[in-house]
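Single-letter residue listing:
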Amino acid sequence: MPNLSTALKMDPWRLQSGEELNRLRAQIIAGRDPQRPEIIICHGTGCLANGSDKVAKAFRAALEGKGIQAKVMPGIKTTGCHGFCSRGPLVIIRPQGLFYQRVKPKDVEEIVDHTLVHGKAVERLLYKDPSSGDLIFNEGEIPFYKLQQRIVLHNIGKIDPTDITDTIAAGGYQALAKALTTMTPEQVVAEMEKSGLRGRGGAGFPTGRKWRSALQAIKKKGRPVYVVVNGDEGDPGAFMDRTIMEGDPHAVLEGLIIGAYALGAAQGYLYVRAEYPLAIRHLEIAMHQAREYGLLGENILNSGFSFDARINRGAGAFVCGESTALFTSIEGKPGNPRPKYVRSVEEGLWGRPTVLNNVETWANVPLIIERGADWYAGLGVPHSTGTKVFSLVGKVNNVGLVEVPMGVSMAHIVEQIGGGVPDGKPFKAVQTGGPSGGCIPYSLKDTPVDFDSLTAAGSMMGSGAMIVMDHTDCVVDVGRYFLRFLEEESCGKCLPCRLGLTRLREILDNFSQGVGSEKDIEDLTSLSQAIQDGALCALGSSAPNPVLTTIRYFREEYLAHVQEHKCPAGVCKDLITYGIDPERCTGCMNCARQCPAQCITGKKKTAHVIDTHKCLRCGICKETCKFDAVFIS
Amino acid sequence: MEPQGVQIDEIMERYPDKPEYLIFLLQDIQASYGYISAQAMQLACDRIGVPLTQGYSVATFYQSFRLDPSGEHEIRVCLGTACHLKGGQRLVEDLERRLNVEAGGTTEDLRFTLNTVNCVGACALAPVVVVDNEYQPNATSKKLEKYLKTIDALAGVEAKEGAHA
Ligand SMILES: Cc1cc2nc3c(=O)[nH]c(=O)nc-3n(C[C@H](O)[C@H](O)[C@H](O)COP(=O)(O)O)c2cc1C
Ligand code: SF4
Ligand code: FES
Ligand code: FES
């Protein structure tokens, strides 16, 4: 990088205007050879967990050590998450765009030799279309990607998030330059209003309207005003925000700076979950580089506007995603929510007007400013404009991150993009909105996925987690899971949440043991109502949603637990027994060796038997058996 | 690993002396020492001028803080929704049996601390277990057993080397 700045004869990197930004961009692009082979190695959390750093090391060693015979020395680039983590580690070879999946260090030599030297594909590493069996060479042709519309994620997987020049070459900070040099703050707010963008953090509040109210609050109370990024991503099972912060940190930062300009804020905060160390590191690097380039800090792009921001790491409390709790946490205190008689845009952080938006919301801002509100409003459906990123997880073939226009159907996401449930049967339900949301059953698979349709179905958009369940997932168990989660995360400040959730969970515990009656279902419903009405913050008031929707759509399954003492999905431990199918059992003895209760007996090559009285129902035998001989009844 | 004056002072120097930096300080102390000792807590609170009670109310409110020493290795089993559906709870129970310790606790020999965590953002690889910041994707009890054995073996080597030195 130092070479670049001397070449451009700049005061160490500080850009003085939009034109200088453009000149730098042109220069970076001109310095690149579009035909130069490039090895893109995914370095998102998922692929790193699968060892992609070792793959990168192997590539470096192979290229440096051997001095390969290619005409042009290939470049190596590490990027954020491509969204298809279940196939990782992913490697893409440019310029052809060859897509290799599940690459191991031992495959590297073959890739170098076949692809980089001889220009041929390594077929065994290609993606195979599950329906036709055809090999697919190009990333963009894989149905998982082809059916998406990647706008917020457009740079992720293409740029190196730790190198600002790569972001600038891809058009980063163009929107900021446009706002600072050609738009008044009022015009920025008006553009946001016109775009129809609604907050991506859960409640779907219109972003432009929030900014407008902040301007009104400033009129009354004056400045300072603060802008804050909610990167707490507390919904367990969601990793959209993680991916954006890791893979395109400058997009979040650029959005935040534009927001600060619109509101006249001098200081911003990024509140990021501590469980995301890589996201924190990439944001820190991004902020540092943006300061060096004059895009953050004093006198940004020599426009006279100054703004800086800092990162607060979360400390492990789900409730801190709630706006007022998040503010008290930034102030260094326990994150207890406060009643919202006064809205937080008026009285937020340090008691000052504050705009808090979600990571994905902020990342949409530069797109809207650069391409215009009309373009944006044309995406999606009228009351839910734009796209939404979802984390598609659970019992689905193509687990990963998907971005689609608002309003496509649930079936499109789960069956077309997700490739359906592994055993080919229809899915049972999809949980959206995390612990505050609800289950959408298969019968409603054509529900359009937008804010209002999901709410009408009894669930909510939430932050965008989509957890696919199949017939082996029990709704009572899932209800208990979310209640236990929220019970633990409740801050305890108000009674309906503190005691109400515990009572709800106790009733469901009884169900899972086959104890209860139809009347308990009524009790669940009326207690839920009381919690919804009485809880102080949305953690409590939305907590009954998973239970209420599952009762609404799966009442018989609840009843089966208490009337027939059966868990139809075979999950609730007290209602199931494990057995071994003598037809399938080969007598390999693997399960008997693994069983912690030592309750499996049988000789070599003869069918084994489980002593159901001693059985702990831990499920290890089922996990161990290679012949699928262990069954649940 | 009792905090030594010099090192803890270095942490104290990192931030301005303002109450809003309490969480930052406690996080850094915990990162260096694995827990927040009474002594370190007192130093931090004095430094930024908040009552000790506030220090403890913060440290007990947030799940990531520990007030007693943690084990040499930290095992975190993800119990986020995706991991729950793929058997995360079974892994916790299995580890509890294997290590003879309850989730949240530390083994008597201070070798392992077993914790649970709500989603580490690698949901596509569920169930996920993180051992000393190393992710174990698609974890099974068998794979974990193997991995813990390698750690044990390493520890054996370290102990021997320690004895020689
Ligand atoms: C218990 C609770 C947890 C929340 N967690 C998050 C979170 O992790 N991330 C987030 O962006 N919003 C979260 N929210 C929503 C925020 O309170 C707030 O509405 C949002 O950050 C506003 O940004 P948006 O308008 O851009 O969505 C949570 C709300 C509640 C009640
Ligand atoms: S609803 Fe629950 S989390 Fe929210 S303030 Fe009340 S006790 Fe705390
Ligand atoms: S981390 Fe590589 S695809 Fe998600
Ligand atoms: S649910 Fe376990 S990593 Fe997200």
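1. Describing the interface of chain A and chain B
Taken together, the 60 residues of chain A in the interface contact 44 residues of chain B. Buried area between chain A and chain B, summed over both chains or domains, comes out near 4,100 Å², and the portion from carbon and sulfur atoms is 54%. Linking chain A with chain B are 3 salt bridges. Put simply, Glu-20 of chain B and Arg-310 of chain A hold a salt bridge, and the shortest N to O gap is 2.9 Å. Summed over the shared surface of chain A and chain B, the number is 25 residue pairs in polar contact (both at pLDDT 80 or more). If you list the elements that add at least two residues to the side of chain A that touches chain B, you get helix 3 (45-49), strand 9 (308-313), helix 14 (323-330), strand 13 (387-394), strand 17 (465-469), helix 19 (475-489), helix 24 (590-594) and helix 25 (620-624) of chain A. Its residues assigned to classes, the side of chain A that touches chain B comprises 29 nonpolar, 16 polar and 15 charged.

2. Side note on the environment of Arg-212 of chain A
Assignment of secondary structure puts Arg-212 of chain A in helix 10 (residues 207-221). Leaving out residues up to four positions away in the same chain, Arg-212 of chain A has contacts with Glu-186, Val-189, Ala-190 and Glu-193 of chain A.

3. A look at a positive patch on the surface
On the surface, Arg-593, Lys-604, Lys-605 and Lys-626 of chain A together with Lys-142 and Lys-146 of chain B cluster together into a positively charged patch. Summarising the element assignment, Arg-593 of chain A is placed in helix 24. According to the relative accessible area criterion, Arg-593 of chain A is exposed, its value standing at 58%.

4. Topic: the packing of aromatic side chains
Residue and element names in this part refer to chain A. According to the stated counting rule, one finds 19 aromatic pairs over all chains in the structure shown. Each ring, one from Phe-84 and one from Tyr-127, has its centre 6.0 Å from the other, and the planes form 45 degrees; the classification is tilted. With a gap of 43 residues between them, Phe-84 in the loop between strand 2 (75-79) and strand 3 (91-94) and Tyr-127 in strand 5 (residues 127-128) connect regions that are remote in the sequence. Taking relative accessible area as the criterion, Phe-84 reaches 1% and is therefore assigned buried. Using a relative accessible area of 1% as the deciding quantity, one classes Tyr-127 as buried. Between Tyr-261 and Phe-305 the ring centres are 5.5 Å apart and the planes differ by 75 degrees, which places this aromatic pair in the edge-to-face class. Of the two residues, Tyr-261 sits in helix 12 (residues 249-263) while Phe-305 sits in the loop between helix 13 (277-292) and strand 9, which places them 44 residues apart along the sequence. Like Tyr-261, the residue Phe-305 is buried in the burial classification. Of the aromatic side chains, those joined through ring pairs into one cluster are Phe-84, Phe-99, Tyr-127, Phe-144 and Tyr-145. The cationic tip of Arg-209 hangs over the ring face of Phe-205; the distance from NZ or CZ to the ring centre is 5.6 Å.

5. Details of the sheet that holds strand 4 (residues 134-136) of chain B
Residues and elements named next belong to chain B. What the 4 strands build is an open sheet, ordered 2-1-3-4; its pairing is mixed. Looking at the sheet topology across the chains shown, the edges are occupied by strand 2 (112-117) and strand 4. Here the average twist between neighbouring strands, direction ignored, is 20 degrees. The pairing of strand 1 (residues 73-78) with strand 3 (residues 129-131) spans 3 bridges and is classified as antiparallel. Counted as the bridge partner of Arg-76 is Val-130 from strand 3. On top of the sheet, helix 6 (residues 88-99) reaches strand 1, strand 2 and strand 3; it is set at about 150 degrees to strand 1, its chief contact.

6. Focus on the packing of helix 11 (residues 240-247) of chain A against helix 15 (residues 359-371) of chain A
Residues and elements named next belong to chain A. Between helix 11 and helix 15, whose axes approach to 9 Å, the crossing angle comes to 50 degrees. As summarised for this structure, helix 11 and helix 15 are arranged oblique, according to the angle between their axes. Contacts between helix 11 and helix 15 involve Met-240, Asp-241, Ile-244 and Met-245 from the first element and Val-359, Glu-360 and Ala-363 from the second. Here the contact of helix 11 with helix 15 is composed, by residue class, of 5 nonpolar, no polar and 2 charged.

7. Let's talk about the site of ligand 1
All names here are of chain A. For ligand 1, the set of nearby residues contains 19 residues, the closest of which are Gly-201, Gly-234, Asn-357, Asn-358 and Thr-361. One nitrogen or oxygen atom from the main chain of Gly-201 is found 2.7 Å from an oxygen atom belonging to ligand 1. Within the backbone of Ser-323, an N or O atom sits 3.3 Å from an oxygen atom of ligand 1. Coverage of ligand 1 by the protein amounts to 88% of the 610 Å² it exposes when considered alone. Only strand 10 (354-358) and helix 22 (538-541) provide two or more residues apiece to the shell around ligand 1.

8. Re the site of ligand 2
Close contacts around ligand 2 come from 13 residues, with Cys-491, Lys-493, Cys-494, Cys-497 and Cys-537 of chain A the closest. Residues belonging to the shell around ligand 2 are distributed by class as follows: 9 nonpolar, 3 polar and 1 charged.

9. Regarding the domain arrangement of chain A
Domain annotation for chain A reports domain 1 (32-141), domain 2 (164-377), domain 3 (380-469), domain 4 (475-564) and domain 5 (577-632). Using only C-alpha atoms to locate each centre, domain 2 of chain A and domain 5 of chain A end up separated by 54 Å.

10. So, the pattern of salt bridges
Taken as a whole, this structure holds 43 salt bridges over all chains when the rule is applied. When the shortest N-O distance is used, the salt bridge between Glu-93 of chain B and Lys-573 of chain A registers 2.8 Å. Of this pair, Glu-93 of chain B sits in helix 6 while Lys-573 of chain A sits in the loop between helix 23 (545-563) and strand 18 (578-580), which puts the two residues in different chains.

Here is what the cut-offs are and how they apply
Residues numbered from 1 in each chain as written. Chains lettered and ligands numbered in written order. Predicted model: local features only at pLDDT ≥ 70, side-chain atom pairs only at ≥ 80, totals over all residues. Heavy atoms only, no water. Contact = heavy atoms within 4.5 Å. Buried area = accessible area lost by both parts, 1.4 Å probe. Salt bridge = Lys/Arg side-chain N within 4 Å of Asp/Glu carboxyl O. Polar contact = N/O pair within 3.5 Å; in protein donor to acceptor, adjacent residues only side chain to side chain. Helix = DSSP H or I, 4+ residues; strand = E, 2+ residues; numbered from the N terminus. Nonpolar A, V, L, I, M, F, W, Y, C, P; charged D, E, K, R; others polar. Patch = residues over 30% accessible without salt bridge, like charges linked within 9 Å, V, L, I, M, F, W, Y side chains within 5 Å. Areas by Shrake-Rupley, 256 points an atom, 1.4 Å probe, with all protein chains shown as cover. Lys, Arg positive; Asp, Glu negative; His and termini not counted. Charge placed at Lys NZ, Arg CZ, Asp CG, Glu CD. Buried < 20%, exposed > 50% of the residue type's maximum accessible area, 1.4 Å probe, protein only. Phe/Tyr/Trp six-rings, centres within 6.5 Å; stacked < 30°, edge-to-face > 60°. Lys NZ or Arg CZ within 6 Å of the ring centre and 35° of its normal. Pairing = 2+ DSSP bridges. Axes fitted to C-alpha atoms, helices over the stretch in contact; angles between N-to-C directions. Parallel < 35°, antiparallel > 145°, perpendicular 65-115°, else oblique. Near = heavy atom within 4 Å. Domains from an automatic or database assignment.

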